[in-house]
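Per-entry structural report
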Amino acid sequence: MAIEADVLVIGCGIAGAATALRLSADTQRQVVVLTRAEDALESNTRYAQGGIVSRGIDDSLESLVRDMLDATSGLAEPPGAVRLLAKEGPALVRKRLMDDAGVAFDRDTHGALAFGREGGHTIPRILHVGDMTGKAIMDGLLSLLRARTNVQLVTGATAVDLITSSHHSADPLAVYQPIRCHGAYVLDSLDGRVHRYLAKATVLAAGGIGRVYRHTTNPPGARGDGLAMASRSGARTINTEYVQFHPTTLALPGSNNALISEAVRGEGAKLLTPDGRHFMAQVAPKWADLAPRDVVSRAIHHEMVEHGYPHVLLDLASAMPKAQIPERFPTVHASCLAAGLDPTEEPIPVVPAAHYHCGGVQVDTYGRSTVQGLYAVGEVSCTGVHGANRLPSTSLLEGLLWGERAGAHIASREQSAALADAQPASADLPSWQPVSSAVHAEGADHVLVFRDQRTIQNIMWLYVGLARNTHRLKRALKDLNHLWEMIDDFYRSTRLSDELVGLRNTAQAAWIITSAAWHNRRSCGTHFREDGQSRTFASLDDTESRL
Ligand code: SIN
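Since this is a predicted model, take the numbers as computed values, not measurements. (Residues numbered from 1 in each chain as written. Predicted model: local features only at pLDDT ≥ 70, side-chain atom pairs only at ≥ 80, totals over all residues. Heavy atoms only, no water.)

This part is about the packing of helix α3 (residues 79–100) against helix α12 (residues 395–411). When two helices pack together, their arrangement is given by the angle between the helix axes and by the axis-to-axis distance. At a minimum axis distance of 9 Å, the contact between α3 and α12 shows a crossing angle of 85 degrees. Our classification of the angle between α3 and α12 gives roughly perpendicular. Contacts between α3 and α12 involve A81, L84, L85, E88, G89, P90, L92, V93, R96 and L97 from the former and L397, E398, L400, L401, W402, E404 and R405 from the latter. Across the contact of α3 with α12, the residue classes break down as 11 nonpolar, 1 polar and 5 charged. (Axes fitted to C-alpha atoms, helices over the stretch in contact; angles between N-to-C directions. Helix = DSSP H or I, 4+ residues; strand = E, 2+ residues; numbered from the N terminus. Parallel < 35°, antiparallel > 145°, perpendicular 65-115°, else oblique. Contact = heavy atoms within 4.5 Å. Nonpolar A, V, L, I, M, F, W, Y, C, P; charged D, E, K, R; others polar.)

Below, the structure written as structure tokens:
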């Protein structure tokens, strides 16, 4: 079966939803949005706590640009993209999120917008809805999207591979043409079959890679699907060694690294060693607990390794009036209570965990990848603005702005005409061709899939984590290569399923990250090589004076 649309959007977090909304403004345009989840609300965006960057009081464009460049270890490329985000992003927050989607960001007692602060920001400029900002944004965007009659929102749909002329066309000469994307092969969770979704433009908004690691703040869907699929299609990926670790995730049994928002430190909470030492005061005298994320995560890691601590402590109870904590941080409060700890009374045990991919599919300021007809937006993409270490609460902003810009670019008349001209007849793009031995094969052995997934996650956590070196990376590449042979064999001999697609993508995403980390011997931002040359400056204060 072939489903044809003008535009196919794969993924439905803030970036995918923003793209679809912009495109569907023209009611003649048919837009299909796919999500693996059974509930469209389920995406990484839904779990974003801290908020979204806007323009704070006494803030300026220059100040936001400077904070972003500073946090990214000077590696944000091109700097024009940073300026674009700082300039156009906050205005779009007001227009799309507040005016159109009706997101009710928190206000102070005088009714003015309440701005929060997080690491690396010199002033408070982050809009939030308690610590459930991502959910509030997605509720607003999804209700707009659902009201659009020209948007088909398909749940339970796993993209298996992008359809490209060079890989799939029936025309043997297509292989000599530039690679062009025409849609995706998609596994339907209801009938278990793979369908062709054909489109003039395809937008990859499939999110991040957190679940490639053993410990992460990300939900199960963040398994590197988009990165792996784009890479198989021939799209260029860049900066993939830069994986950001969030400094503070809950370190209590059964809590699964629940995120403890950086906004908690923005409200004054301090990080302490178990014996009460305020170590960030020494590591970054000027910023202390609100130093950029890579610095704080590494400092915690150092304390744990050096002194054998199982975790450090985050003291929120001393920073805020007790009664305010459940209201300002309902998610954090509930996560702690569920794990048996009252954060209004006791310090919170925390450890770093994988959180955000700063690299990804290389795109320009309109979200265009190096494959024609393929756009990428949100965490799966690399616009360059996050350099080697993302400034907090800029990811939702980037997803919103690049979603809007990709949508506008596709919608532009010239581009629509060019895309329509390039679309071959659906008969030239054959149906899904399963590997022959897998047609009647048995379904995947769940235990095997789980164990392979866990093995990859452990390799990544232990060898490609916060501190890397040649020996660990070499071992990781060797182990991943060995595992890949078995997983590929498994993939070819087993009936296709969502978990099998995920396992294969996780293995490929892990390899892409590790090989980039192996080749880059310079420590910078989140990529810290114990044995490499350093691009990091002696202290954060030095970084400041150089900018
Ligand atoms: C947080 O709330 O700490 C996460 C914010 C972000 O990752 O930008």
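To continue, consider the pairing of strand β1 (residues 2–10). Both faces of the sheet carry side chains from a regular strand, because those side chains alternate between them. Counting buried positions along β1 yields 7 of 9 residues, so the element is predominantly enclosed. Taken together, the 8 bridges between β1 and strand β8 (residues 194–204) define a ladder with parallel strand orientation. Opposite A5, over in β8, you have A199 as the bridge partner. Note: β1 against strand β2 (residues 31–34), 4 bridges, orientation parallel. Its bridge partner lying in β2, V9 is registered against V33. On the question of chirality, the crossover connecting β1 to the parallel β2 by way of helix α1 (residues 14–23) is right-handed. (Buried < 20%, exposed > 50% of the residue type's maximum accessible area, 1.4 Å probe, protein only. Pairing = 2+ DSSP bridges. Right-handed = clockwise from strand over helix to strand, strands pointing away.)

A few words now on helix α4 (residues 133–146). Look at α4: 20 Å from first C-alpha to last across 14 residues, which is about the 20 Å you get at 1.5 Å a residue. For α4, the complete set of buried residues consists of T133, G134, I137, M138, G140, L141, L142 and L145. In this structure, the buried residues of α4 make contact with α1, β3 (52–53), α3, β4 (126–127), β5 (151–154) and α12. (Expected span 1.5 Å × (residues − 1).)

Moving on: the sheet that holds strand β13 (residues 348–357). Across the sheet, which stays open at both edges, the 4 strands sit in the order β10-β13-β12-β11 with antiparallel pairing between neighbours. The sheet terminates laterally at β10 (243–250) and β11 (270–272), the two strands that pair on one side only. Ignoring which end each strand starts from, the neighbouring axes of this sheet average 45 degrees apart. Pairing analysis gives 3 bridges linking strand β12 (residues 312–315) to β13, with the strands arranged antiparallel. The residue of β13 that forms the bridge with L313 is P349.

So, on to the packing of aromatic side chains. Two measures describe an aromatic ring pair: the distance that separates the ring centres and the angle between the ring planes. Considering all chains together, one arrives at 3 aromatic pairs under this definition. When the centroid spacing of 5.5 Å and the interplanar angle of 80 degrees are considered together, the rings of Y213 and F245 count as edge-to-face. With Y213 in the loop between β8 and α6 (225–233) and F245 in strand β10, the pair connects residues that are 32 residues apart, well separated along the chain. Judged by relative accessible area, F245 falls into the buried class, the value being 4%. An aromatic cluster is built from Y213, F245 and W461, whose rings are joined through pairwise contacts. The ring of Y47 carries the charged tip of R46 above its face, separated from the ring centre by 4.8 Å. When the ring centre of Y356 is taken as origin, the NZ or CZ atom of R390, which lies over that ring, is 4.1 Å away. (Phe/Tyr/Trp six-rings, centres within 6.5 Å; stacked < 30°, edge-to-face > 60°. Lys NZ or Arg CZ within 6 Å of the ring centre and 35° of its normal.)

Near the ligand you find Q49, G50, E118, H246, S261, E262, R293, H355, R390, P392 and S393, and these make up its full shell. Measuring from an oxygen atom of the ligand, one finds a backbone N or O atom of E262 at 2.7 Å. R390 is positioned such that a nitrogen or oxygen atom in its side chain is 2.8 Å from an oxygen atom of the ligand. For the ligand, the protein covers 94% of the area, taking 260 Å² as the surface of the free molecule. (Near = heavy atom within 4 Å. Polar contact = N/O pair within 3.5 Å; in protein donor to acceptor, adjacent residues only side chain to side chain. Areas by Shrake-Rupley, 256 points an atom, 1.4 Å probe, with all protein chains shown as cover.)

Here the focus is the sheet that holds strand β9 (residues 237–238). Strand order across the open sheet formed by 3 strands is β9-β14-β16, with mixed pairing between neighbours. A single partner strand is all that each edge strand has here, and the edge strands are β9 and β16 (381–382). Looking at chain direction, strand β14 (residues 360–362) and β16 are connected through 2 bridges and run parallel. Bridge pairing in β16 links V361 to S381.

What follows deals with the pairing of β10. Counting buried residues in β10 gives 8 out of 8 residues, a clear majority hidden from the surface. Direction of pairing for β10 relative to β13: antiparallel, over a ladder of 6 bridges. Paired with Q244 across the bridge in β13 is Y356.

It is worth spelling out the nonpolar core at this point. Side chains that are nonpolar tend, in soluble globular proteins, to be buried together. Counting 86 residues, the largest nonpolar core has L34, I52, L97, F105, L141 and W402 as the members making the most contacts within it. It is α3 that contributes the most residues to this core, 9 residues altogether. What F105 contacts, discounting residues up to four positions off in sequence, is I52, V93, L97, M98, L113, L127, H128, V129 and T133. Counting 38 residues, the second-largest nonpolar core is a separate cluster that includes I209, F245, L429 and I512. (Core = buried A, V, L, I, M, F, W, Y, C linked by side-chain atoms within 4.5 Å.)

We now examine the pattern of salt bridges. A full pass over the atoms with the stated rule returns 25 salt bridges. A salt bridge links D67 to R125; its shortest N-O distance comes to 2.8 Å. Residue D67 is found in helix α2 (residues 61–71), and its partner R125 is found in the loop between α3 and β4; the two are separated by 58 residues along the sequence. R125 matches D67 in its accessibility class, with the two residues each being buried. Measuring nitrogen to oxygen at the nearest pair gives 2.8 Å for the salt bridge that ties R368 to D364. The partly exposed category is assigned to R368, whose relative accessible area is 34%. Note on D364: relative accessible area 26%, which makes it partly exposed. Each member of the salt-bridge network shares a partner with another, and the members are R22, R96, D100 and E404. (Salt bridge = Lys/Arg side-chain N within 4 Å of Asp/Glu carboxyl O.)

On the surface, a cluster of nonpolar side chains totalling about 370 Å² of accessible area is made up of L173, V175 and Y176. Judged by its relative accessible area of 69%, Y176 is exposed. (Patch = residues over 30% accessible without salt bridge, like charges linked within 9 Å, V, L, I, M, F, W, Y side chains within 5 Å.)

It is worth spelling out the confidence of the model for the chain at this point. Chain-level pLDDT for the chain is 93 on average; 96% of the residues reach the 70-or-more range. Contacts of residues 536–547 to residues separated by more than four positions or lying in other chains number 20 contacts, the stretch itself having pLDDT below 50. (pLDDT = per-residue confidence, 0-100.)

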